[in-house]
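Each chain, letter by letter, is given below.
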Amino acid sequence: MEKIVCTEEHKELIFQIPLFRDLPQNVKSTLLDRLDYQVFHVEKKDEVARQGTPCKRLYVLLKGKLRADIIDGSGNEVMIEYIIAPRAFATPHLFNTVDNRLPVTFTALEESVLFTASKESTFKLISEEPSILRSFLCITGNCNKCTVSRLNVLAHKNVRDRFVAYLFEHKRPGSSLVQVVHNQVQLAEYLNVTRPALSKEINKMVKEGMIKVEGKTVELLRGNYPETYLL
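Residues numbered from 1 in each chain as written. Predicted model: local features only at pLDDT ≥ 70, side-chain atom pairs only at ≥ 80, totals over all residues. Heavy atoms only, no water.

Some thoughts on the sheet that holds strand 3 (residues 47-49)
Ordered in space as 3-8-5-6, the 4 strands form an open sheet in which the pairing is antiparallel. What marks the edges here is a single partner per strand, and that holds for strand 3 and strand 6 (77-84). Neighbour-to-neighbour, the strand axes of the sheet open up by a mean angle of 30°, direction not taken into account. Bridging between strand 3 and strand 8 (residues 105-108) involves 2 bridges; their strand directions are antiparallel. Note on strand 8: the bridge partner recorded for Glu47 is Thr107. The sheet contacts of helix 7 (residues 184-191) involve strand 5 (65-71) and strand 6, and relative to strand 6 the element is tilted by about 125°. (Pairing = 2+ DSSP bridges. Helix = DSSP H or I, 4+ residues; strand = E, 2+ residues; numbered from the N terminus. Axes fitted to C-alpha atoms, helices over the stretch in contact; angles between N-to-C directions. Contact = heavy atoms within 4.5 Å.)

Right, dumping it as structure tokens:
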């Protein structure tokens, strides 16, 4: 990573993330002066932050895309999620007093721009601005919810159960339709299964009348599911 100057474009992107988006103009005008920050140009395949290292800075991806991976107890690399700019990430770990080590490694999938601010200056800003504190708590809660959802999928042992859990996690309330945001390669990585195994299982479920697939839209034919699937 290479340190670069924070441009006007970067400043505009900073105020697009939920943490700072809805601040009063007088707070926005002084915000960067109150943070001990740095901006970096990140090359494709660069590691932005490594699993197991303490989280000492606020991380905001201004441009580009990151991949978050975890190394499990068996030494396997498991894809957790994609971070798409502009977005803050790793926020729940910044002020964790029990264990603030990062649970995943963040790697750039393309050329990116990263904004970071020191833990101390971020804490001072949050403590002085209740609106930022409110946003920070909401973001942290949403991140924890996503983590729980992700672990619920991986808790299932076979390909079908993981795929079904994924579908039920992503369907809208009251609807039988699921808009799949991943392509099949990405979905296989997300479910931590092989692509051929996933493709085979999806085809079997279509033949069994459990689902209907049109492009990236999957329809859950609920009447064909065992009770254990009807979450």
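A closer look at the side chain of Thr116
For Thr116, the location among the structural elements is in strand 9 (residues 112-118). At a separation of 2.9 Å, a polar atom in the side chain of Thr116 contacts the side chain of Arg57. With sequence-adjacent residues up to four places away left out, Thr116 is seen in contact with Asp36, Tyr37, Gln38, Phe40, Arg57, Leu58 and Tyr59. (Polar contact = N/O pair within 3.5 Å; in protein donor to acceptor, adjacent residues only side chain to side chain.)

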